[in-house]
Amino acid sequence: MRLHIGAQLPVNSDRGYGDDIDIARVARHAEEVGLESVWTGDHLSAGFPVLDSSLVLATAAAATRRIRVGYGVMLPALRPQAWAAKQIGTLQHLSGGRVLLGVGVGSGAGEEWTVAGVPPKERGRRTDSFLRALPGLLAGQPTAVADAPQGAHVTLTPRVPMPEVWIGGGAEAALRRTVAHGRGWLAAMKTPGQLAAGAARLADLAAAGGVPAPRTGILVFTRVSERPGTNPSAKIADYLATAYGIDREQAAAVALGGSPQQVAERLREYADAGAGTVVLVPFGADSRRQYDLFAQARSLVLDEGAAAGAGPPADDGTPAGDGAAAR
């Protein structure tokens, strides 16, 4: 199995990032050190400064040639469906086909749902109807959308290839949504054991539906330390417990901190649990230096695989995209 290592872009100041971060420079650096994708979360409004996800990814795509650009994850239920599809299609066109489309329903908490005029209890239904409509919208076919008047259709151009869809969330509904609409499941804040259990359940659901099992991915809050004996996991766990309201023991179990070798060991554990994609969320203000250290950990994983006779990573069939349209 190919282990695809990506990184979250520094798009907010919640974990110490400055508001003057140069997204284009950071994305170029991620590409230069050998990471395979850059990602951004998605909010209309949050308890901290946050940038628009599509504009962030467009900036990253315009500044790079090879690296994939991912929503991790987009909340389409916050948007009119045709406009959300237009954003995705435009980014797919401008990036040369490099979009990874993570989709989630969100927590339903916060003012953003009220401001968007979306009752939180409808976010699952709206997300599912968007995922059903998206292939036709991106293919340039006349398509009905759920939030338009009955009988109204829209045709979007230019036509673009359907991006690879990853479904976020850890509930049973997210796994079923993955089987119905996704190429992969993008989990977060799970231990390798918990991820393996989720992947097994996903495989069971896919088998029951007579479809191939989707891939498995994981977002991991990470800080790599250059000082021997230093492990920043406790600070990450404190943040996760406070920001996401998860149990402190669970937060400590999923926070990843340590040397490049220690991080590589955990990456191998996630790979053994079934993850083909790992998105590292850098914790701290020095995102470019963290990307350097992420790349070191990635090299350790790949070097061990080569030494074990696994050979180079296999082609996973996803388009690399030369980004010609983005320049």
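Treat the numbers as computed from the prediction; the structure is a model and nothing was measured.

Colleague: Lay out the overall build of the protein in plain terms, naming residues and giving numbers.
Modeller: Looking only at helices and strands, one finds 11 helices and 11 strands in the protein. Relative to the compact-globule value of 20 Å for 327 residues, the protein shows a C-alpha radius of gyration of 19 Å, a close match. Residues counted as buried form 51% of the 327 residues belonging to the protein. At a minimum sequence separation of 6, the contacts of the protein that also span at least 24 residues come to 73%. For the protein, the computed accessible surface area is about 14200 Å², with 54% contributed by carbon and sulfur atoms. Charge-centre separation for the protein: the mean point of 32 positive side chains lies 4 Å from the mean point of 31 negative side chains.

Colleague: So, unusual backbone geometry: which residues are in play, and what are the values?
Modeller: Of note, the bond from Gly72 into Val73 is cis; its omega dihedral lies within 30 degrees of zero at 5 degrees. Within the element layout of this structure, Val73 appears in strand β3 (residues 68-74). Residues Thr157 and Pro158 are joined by a peptide bond in cis, for which omega reads 0 degrees. Within the secondary structure, Pro158 sits in the loop between β6 (153-154) and β7 (164-168). Even without being a glycine, Met189 presents a positive backbone phi close to 55 degrees. In this fold, Met189 is placed in the loop between β8 (184-188) and α7 (192-209).

Colleague: Which residues make up the layout of surface pockets, and what values go with them?
Modeller: Size it by volume and the largest pocket reaches roughly 1300 Å³. Along its surface, the largest pocket is lined by 46 residues, and His43, Gly106, Ser107, Met189 and Tyr244 are the ones closest to its centre. Of all the elements in the fold, those that place two or more residues in the lining of the largest pocket are β3, α4 (111-116), α6 (172-181), β8, β9 (215-224) and α8 (233-244). Here the lining of the largest pocket is composed, by residue class, of 24 nonpolar, 15 polar and 7 charged.

Colleague: Before we move on, could you go through the pattern of salt bridges and cite the residues and values that matter?
Modeller: Applying the stated criterion across every chain, the model contains 13 salt bridges. Of the charged contacts, one joins Arg79 and Asp42 as a salt bridge, the two residues approaching to 2.8 Å between their closest N and O atoms. In this pair, Arg79 sits in the loop between β3 and α3 (81-94) while Asp42 sits in the loop between β2 (37-40) and α2 (53-62), placing the two residues 37 residues apart along the sequence. Since its relative accessible area comes to 4%, Asp42 is described here as buried.

Colleague: Residues and numbers for the environment of Gly274, please.
Modeller: Summarising the element assignment, Gly274 is placed in the loop between α10 (260-272) and β11 (275-282). On the accessibility criterion, Gly274 (23% relative accessible area) is partly exposed. Distance in space between the C-alpha atoms of Gly274 and Ala297 is 18 Å, their sequence separation being 23 residues.

Colleague: Any chance you could break down α3 for me, citing the residues and the numbers?
Modeller: Helix length check: α3, at 14 residues, gives a terminal C-alpha distance of 20 Å against a target of 20 Å (1.5 Å per residue), a fit within 8%. Looking only at α3, the buried set comprises Gln81, Ala84, Ala85, Ile88, Gly89, Leu91 and Gln92. In a view along the axis of α3, the buried residues occupy a sector of 160 degrees, so they form one face of it. Next to the buried residues of α3 lie α2, β3, β4 (99-103) and α5 (123-138). Positive phi appears at Gly96, one or two residues downstream of α3, with a value of about 75 degrees.

Colleague: Report on the nonpolar core, specifying residues and quantitative values.
Modeller: With 60 residues, the main nonpolar core has Leu9, Leu101, Leu267 and Val278 as its most contacted residues. For this core, the leading source of residues is α5, giving 6 residues. Counting 24 residues, the second largest nonpolar core, distinct from the first, contains Leu78, Trp166, Leu219 and Phe221.

Colleague: A description of the packing of α3 against α5 should follow, citing residues and the corresponding values.
Modeller: In a packed pair of helices, the relevant descriptors are the angle between the two axes and the axis-to-axis distance. One way to put it is that α3 packs onto α5 with a least axis distance of 10 Å and a crossing angle of 50 degrees. Accordingly, the angle class assigned to the pair α3 and α5 is oblique. By crossing handedness, the relation of α3 to α5 is classed as right-handed. Contacts between α3 and α5 involve Gln81, Ala84, Ala85, Ile88 and Gly89 on the former and, on the latter, Arg126, Ser129, Phe130, Ala133, Leu134, Leu137 and Leu138.

Colleague: Which residues make up the confidence of the model for the protein, and what values do they have?
Modeller: A residue-level look at the protein finds 90% of positions with pLDDT of 70 or above and a mean pLDDT of 90. Considering only residues more than four positions removed or in separate chains, one finds that residues 311-327, a stretch of pLDDT under 50, has 37 contacts.

Colleague: Tell me about the packing of aromatic side chains, and please be specific about residues and values.
Modeller: For the coordinates displayed, the defined rule picks out 5 aromatic pairs. Taken together, a centroid distance of 6.2 Å and an interplanar angle of 85 degrees make the contact between Tyr239 and Tyr244 edge-to-face. Members of the aromatic cluster, each reached through a chain of ring pairs, are Phe221, Tyr239, Tyr244 and Phe283.

Definitions and cut-offs
Residues numbered from 1 in each chain as written. Predicted model: local features only at pLDDT ≥ 70, side-chain atom pairs only at ≥ 80, totals over all residues. Heavy atoms only, no water. Helix = DSSP H or I, 4+ residues; strand = E, 2+ residues; numbered from the N terminus. Rg over C-alpha atoms; globule rule 2.2 N^0.38 Å. Buried < 20%, exposed > 50% of the residue type's maximum accessible area, 1.4 Å probe, protein only. Contact = heavy atoms within 4.5 Å. Areas by Shrake-Rupley, 256 points an atom, 1.4 Å probe, with all protein chains shown as cover. Lys, Arg positive; Asp, Glu negative; His and termini not counted. Charge placed at Lys NZ, Arg CZ, Asp CG, Glu CD. 1 Å grid on protein atoms, 1.4 Å probe; cavity = no way out; pocket = protein on both sides within 12 Å on 5 of 7 lines; lining within 4 Å. Points joined across faces, edges and corners; volume = space filled by probe spheres on them. Nonpolar A, V, L, I, M, F, W, Y, C, P; charged D, E, K, R; others polar. Salt bridge = Lys/Arg side-chain N within 4 Å of Asp/Glu carboxyl O. Expected span 1.5 Å × (residues − 1). Arc of directions from axis to C-beta. Core = buried A, V, L, I, M, F, W, Y, C linked by side-chain atoms within 4.5 Å. Axes fitted to C-alpha atoms, helices over the stretch in contact; angles between N-to-C directions. Parallel < 35°, antiparallel > 145°, perpendicular 65-115°, else oblique. Left-handed = near helix turned anticlockwise from the far one by under 90°. pLDDT = per-residue confidence, 0-100. Phe/Tyr/Trp six-rings, centres within 6.5 Å; stacked < 30°, edge-to-face > 60°.

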